[in-house]
Amino acid sequence: MQFRSTQSQDPLVSFKDVVLRCLPPDGGLYVPAQTVDMRQFFLHMDAKTTYPELVATMAPTLLQGELNPFSANRVVESAFDFEPELKKLNDKISLLTLYHGPTGVFKDFGIAFLAAVLEEFLKNSGPAMILSASRGNMGVSLAHAFRGRKGITAVILYPSGPIRGLDSSTFVTNGGNIIPIQITGTFDDCQRLIVEAINDRPFAERYGVTSANALNLGRLLPQCFYYFYAFVKLKDTLQGDLVFSVPCGNFGNLIAGLYAWKFGMPVNGYLAAMNVNDAFGDFIRGRQFVPRPVVPTNSPSLDVSFPSNYDRLAAFYDESPAVMRNMVYPASIGDERTFITINKVYREYGILLDPHSAVAFAAAEDLAATQEFAGQVHTVILATGHPAKKAALVSRAVGRDIEIPPRLAQLQRHVDPVAIIKPELEALEGAIASCF
Ligand SMILES: *Cc1c(COP(=O)(O)O)cnc(C)c1O
């Protein structure tokens, strides 16, 4: 498969170039320029197929010619020390839990794949340095995914504020390959510095600098594997239509689902589940979309005014607006309903949901209650975050204490960065140079 920028039909670039360049020079985002038919695999896989088997088998076809079966096996083995889980609750509902990774959110899947595939692509091509900016637990996910990768150093920039959860034994100062640096500034300063460092050609070439920010397609594309996985687990018992309910913030997860459909997965629709920050629903309905200021909610990862993946979604709608309107259904669920849903799902199924997953669950309930769909649709709800990450809220909703797994408890531990610097390129380059 080849890729292009959302801003132009050419040039076509390889997956390796997409991953290494992160963003095209024209200001767009990379998207697949072709489609690949993955349907053959669905015949040969069933409920017994494991997640590593599925990814190792499908990745070489999806990334035609760029990842051979041996490389794919190495990528899968080194990336995934965690897996998605499909729980069928009844004939109408399944839950796809995606929170078993190091930081307890689905984003661990994309980051883990990207880090492993980078190591594979960079073999024999000299050292490389991945620059990323971190908010929340992203740095832990990156450090976990990149630690010990041959020839790769991962520099993680943090804005002012406490840094938590990193394992200091992985730092360059302790013989590892992770360099956390704190910038006395904002998250935007961190992102600006990354762009400046990449544009400083002599510096970028000396260290082989690239970026692994959230818009890297190398993180988003592999998310389609867990949609395939859910389908393969369910296909032999499916009756009627299949819908995925996805809690949407920057819409990366939903777009990965749409790629899965484009690559041949038989699915009837997607629920774009939002909280009260739902202005983007207008775009999905084909109306004019006017961004609104963000209202803080109990599902903060969905508190987005203008989705950073807008251009990628718009590319789908430009291609076939009518098809898309029958494919994606917007939904909006408020905080109170989210809270009630957490309680209800616990009482009915004994399952704890985090608020983001509860938004998707409630959206699925509403769909099932409409006349058109009543009784004929199976909905897979994406559980994107571990309930223990929002323990206080979930505990209030279900009326009991929430156990926090050790790996998630560790995310709270304070750590010191390798350096604290001013938000200036010279300071960043100096701090990096002093690590070698
Ligand atoms: C990031 C995140 C989302 C939103 O995902 P997008 O790909 O940005 O739409 C939903 N739930 C949780 C728990 C998240 O961390």
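Residues numbered from 1 in each chain as written. Predicted model: local features only at pLDDT ≥ 70, side-chain atom pairs only at ≥ 80, totals over all residues. Heavy atoms only, no water.

### Some thoughts on the nonpolar core
In step 1: In terms of nonpolar packing, the biggest core is built from 139 residues, with Phe228, Phe244 and Tyr270 touching the most fellow members.
In step 2: Top element by residues in this core is helix H5 (residues 107–122). It accounts for 11 residues.
In step 3: Counting residues domain by domain, this core receives three or more from each of domain 1 (83–105 + 221–407) and domain 2 (127–207 + 408–436).
In step 4: When sequence neighbours within four positions are dropped, the list of residues in contact with Phe228 reads Met38, Phe42, Leu54, Met58, Ala260, Phe263 and Met265.
In step 5: Of all hydrophobic cores here, the second largest spans 23 residues; its members include Ile179, Ala197, Ala204 and Val209. (Core = buried A, V, L, I, M, F, W, Y, C linked by side-chain atoms within 4.5 Å. Buried < 20%, exposed > 50% of the residue type's maximum accessible area, 1.4 Å probe, protein only. Helix = DSSP H or I, 4+ residues; strand = E, 2+ residues; numbered from the N terminus. Domains from an automatic or database assignment. Contact = heavy atoms within 4.5 Å.)

### A short note on the environment of Asn277
In step 1: Of note, Asn277 is situated in the loop between strand E10 (269–274) and helix H12 (281–284).
In step 2: For the pair Asn277 and Leu23, spaced 254 residues apart in sequence, the C-alpha separation works out to 27 Å.
In step 3: If we ignore the near neighbours within four places in the chain, the residues touching Asn277 are Pro293, Val294, Val295, Thr297, Leu302, Asp303 and Val304.

### Points about the sheet that holds strand E9 (residues 241–247)
In step 1: With respect to topology, six strands assemble into an open sheet ordered E3-E4-E12-E9-E10-E11, the strand pairing being mixed. Each of the sheet's edge strands pairs with one partner strand only, and the pair in question is strand E3 (85–88) and strand E11 (328–332). Put simply, the sheet's adjacent strands are angled 25° from each other on average, direction ignored.
In step 2: Examined bridge by bridge, strand E4 (residues 93–97) and strand E12 (residues 377–383) share five bridges and lie parallel to one another. Residue pairing across strands places Ile93 opposite Thr379, the latter belonging to E12. (Pairing = 2+ DSSP bridges. Axes fitted to C-alpha atoms, helices over the stretch in contact; angles between N-to-C directions.)

### Describing the side chain of His356
In step 1: One can find His356 in helix H16 (residues 355–369).
In step 2: Of note is the side chain of His356, whose polar atom sits 3.1 Å from the backbone nitrogen of Ser301.
In step 3: Those residues in contact with His356 that lie beyond four places of it in its chain are Pro247, Ser299, Pro300, Ser301, Leu302, Thr384 and Lys390. (Polar contact = N/O pair within 3.5 Å; in protein donor to acceptor, adjacent residues only side chain to side chain.)

### A closer look at helix H19 (residues 425–433)
Since the α-helix turns once every 3.6 residues, residues separated by three or four places project in the same direction.
In step 1: Those residues of H19 lying buried are Leu428, Glu429, Ala431 and Ile432. In a view along the axis of H19, the buried residues occupy a sector of 160°, so they form one face of it.
In step 2: The elements touched by buried residues of H19 are strand E5 (128–133), strand E6 (152–158), strand E7 (178–183), helix H7 (187–199), helix H8 (201–207) and strand E13 (419–421). (Arc of directions from axis to C-beta.)

### Details of the sheet that holds E6
In step 1: Ordered in space as E8-E5-E6-E7-E13, the five strands form an open sheet in which the pairing is parallel. Each edge of the sheet is formed by a strand with only one pairing partner; in this case those strands are strand E8 (209–211) and E13. Within the sheet, the average angular offset between the axes of one strand and its neighbour, ignoring direction, is 25°.
In step 2: Taken together, the six bridges between E5 and E6 define a ladder with parallel strand orientation. Note that in E6 the partner of Ala128 across the bridge is Ile152.
In step 3: Those strands touched by helix H6 (residues 138–146) are E5, E6 and E7, and its axis lies near 175° from that of E6.
In step 4: Lying over the sheet, H7 contacts E5, E6, E7 and E8, oriented at roughly 155° with respect to E5.

### A few points about the pattern of salt bridges
In step 1: Under the defined criterion, the tally for this structure stands at 16 salt bridges.
In step 2: Of the charged contacts, one joins Asp17 and Arg21 as a salt bridge, the two residues approaching to 3.5 Å between their closest N and O atoms. In this pair, Asp17 and Arg21 are both assigned in helix H1 (residues 15–21), four residues apart and thus about one turn of the helix distant.
In step 3: Here Arg337 ties to Asp366 by a salt bridge, and the two come within 2.9 Å at their closest N and O atoms. Taken together, the positions of Arg337 in helix H15 (residues 335–349) and Asp366 in helix H16 put the pair 29 residues apart, joining distant regions of the chain.
In step 4: On the basis of relative accessible area, Arg337 is assigned to the partly exposed category, the value being 28%. (Salt bridge = Lys/Arg side-chain N within 4 Å of Asp/Glu carboxyl O.)

### Some details on the domain arrangement of the protein
In step 1: Domain parsing of the protein yields domain 1 (83–105 + 221–407) and domain 2 (127–207 + 408–436).
In step 2: Taken together, the 10 residues of domain 1 in the interface contact eight residues of domain 2.
In step 3: With both chains or domains summed, domain 1 and domain 2 bury close to 740 Å², and 69% of this area falls on carbon and sulfur atoms.
In step 4: There are zero salt bridges connecting domain 1 and domain 2.
In step 5: Counting every contact that joins domain 1 to domain 2 gives six residue pairs in polar contact (both at pLDDT 80 or more).
In step 6: Of the residues in the side of domain 1 that touches domain 2, the class split is five nonpolar, three polar and two charged. (Buried area = accessible area lost by both parts, 1.4 Å probe. Nonpolar A, V, L, I, M, F, W, Y, C, P; charged D, E, K, R; others polar.)

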